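Analysis of the macromolecular model
Next come the chains, spelled out residue by residue.
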Amino acid sequence: MKLKQTLLPLVIAGLVTACIGGKRTTPSEESSSLKAAFGNKFLIGAALNQRQVSGEDTAAIAIAKHHFNSIVAENCMKCEVIHPEENRYNLTPADSLVDFGEENGMAVIGHCLIWHSQLAPWFCVDSAGKNVSPEVLKQRMKEHISTIVGRYKGRIHGWDVVNEAIMEDGSYRKTKFYEILGKEYIPYAFQCAHEADPEAELYYNDYGMNVPGRRDSVAALVRSLKEKGIRIDAVGMQGHMGMDYPTVEDFEKSLLAFAATGAKVMITEWDMSALPTVSHTANISDTAAYWKALNPYPETLPDSVSRIWNARMKSFFDLFLKHADVITRVTAWGISDGDSWKNDFPMRGRREYPLLFDRNYQPKPFVRELLQTP
Ligand code: XIL
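A closer look at the confidence of the model for the protein chain
Residues with a pLDDT of 70 or more make up 90% of the protein chain, whose mean pLDDT is 92. Segment residues 1-27: pLDDT under 50, and 22 contacts once partners within four positions in sequence are set aside and those in other chains are kept.

Next comes the structure, spelled out in structure tokens:
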């Protein structure tokens, strides 16, 4: 109900954009966009980087405007960027992102408030480098969250409040937040965010959600937040996938486990590596042959691999459609392959092919199939 209400202004904005300014979108143009084809099922989002928000990457911006009705900041709202020093905020890039989303009638997602990674180095320690007291950390968290959430109050559709707090075995990640405050840092962060913008949706976001230990623990976390009367609207399943993980079945089990808590589900950072999975134990500096094995397509992706990749992406998208009653957003982690973080993760300098649009900004075959465009 709530979703339908929040989507309505976006749908109206889309119709207005299609009809005003002398430009009337033809039916075929309309059906060839992801948001026109699937916007009645869930929000269709993409993460944007700074070159895109600033308008430099015009090809990506054209895709963002045409296909997506939601955006999220790839980096500019992370603590190390937006709050690099205790008494200094760097809000200009985030301001531009929010302006861009608003100008284009998009649901803007805030990513992310509390995360151990890309955390400003000062945040959990004193000037001597020692952990601050629980009281000081709580005070810093409150100040950080209320400043950022408060600044964009009423303009951000929802926030990733806590990111990646649970390990595969279901235990809490031993971050500084956990070390100093224990598990209570999570409800506290949600509470601070809710106080700063009572209307904003609030999410818990994590990767590798198909793994049973993490699945159970995240579901338990959501239940415990709800029991405490703390607002949590959705679980964000990041959806960084590979050619051999996860299985559609395991992913679906987690999706259903999260939905069973009463929360909605979002696919928040969707991409799929087309390259061999890098084993954590591999010694990658061994030989040139080893590098070649891990970076096997330095020119283009062979058709044989592309076919498998596209079929896998399509089967996951079909799964999202199957569960459109609980999925409220599907967001790709970037626009085109050339800009994907996967080119440098988990190894630097590989040529990756993980996104919905290729390096020439053309839709991949499974996207064309979804849109029924040749
Ligand atoms: C990644 C960005 O895409 C990169 O540009 C950055 O260098 C590192 O972070 N999980 C998350 C995202 O929640 O914020 C990460 O984004 C990818 C993994």
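That shown, we press on.
Concerning the nonpolar core
Taken as a class, soluble globular proteins show a tendency for nonpolar side chains to be buried jointly. The biggest cluster of nonpolar side chains holds 104 residues, and the ones touching the most others in it are Met77, Trp159 and Trp270. Here this core takes 8 residues from helix α10 (residues 185-196), the largest share from any one element. Excluding anything up to four places from it in sequence, Trp159 contacts Met77, Gly110, His111, Leu113, Ile148, Val149, Tyr152, Ala200, Glu201, Leu202 and Tyr203. Judged by nonpolar contacts, the second largest core, of 7 residues, contains Val72, Tyr203, Met266 and Trp333.

A few points about the side chain of Ser217
When you line up the elements, Ser217 lands in helix α11 (residues 212-227). We classify Ser217 as buried; its relative accessible area is 15%. At 2.6 Å, the side chain of Ser217 forms a polar contact with the backbone oxygen of Gly170.

Regarding the packing of aromatic side chains
Pairs of aromatic rings are described using the distance from one ring centre to the other and the angle between the two planes. This structure, assessed with the given rule, holds 15 aromatic pairs. Ring centres 5.6 Å apart and planes at 25 degrees place the aromatic pair Phe177 and Tyr185 in the stacked group. Here Tyr185 falls in the buried class, since its relative accessible area comes to 3%. A connected cluster of aromatic rings, assembled from ring pairs, spans Phe38, Phe42, Phe251, Trp270, Trp309, Phe316, Phe317, Phe320 and Phe366. For the cation-ring pair, Arg359 lies above Tyr353, with the distance from its terminal atom to the ring centre recorded as 5.2 Å.

The rules we used
Residues numbered from 1 in each chain as written. Predicted model: local features only at pLDDT ≥ 70, side-chain atom pairs only at ≥ 80, totals over all residues. Heavy atoms only, no water. pLDDT = per-residue confidence, 0-100. Contact = heavy atoms within 4.5 Å. Core = buried A, V, L, I, M, F, W, Y, C linked by side-chain atoms within 4.5 Å. Buried < 20%, exposed > 50% of the residue type's maximum accessible area, 1.4 Å probe, protein only. Helix = DSSP H or I, 4+ residues; strand = E, 2+ residues; numbered from the N terminus. Polar contact = N/O pair within 3.5 Å; in protein donor to acceptor, adjacent residues only side chain to side chain. Phe/Tyr/Trp six-rings, centres within 6.5 Å; stacked < 30°, edge-to-face > 60°. Lys NZ or Arg CZ within 6 Å of the ring centre and 35° of its normal.

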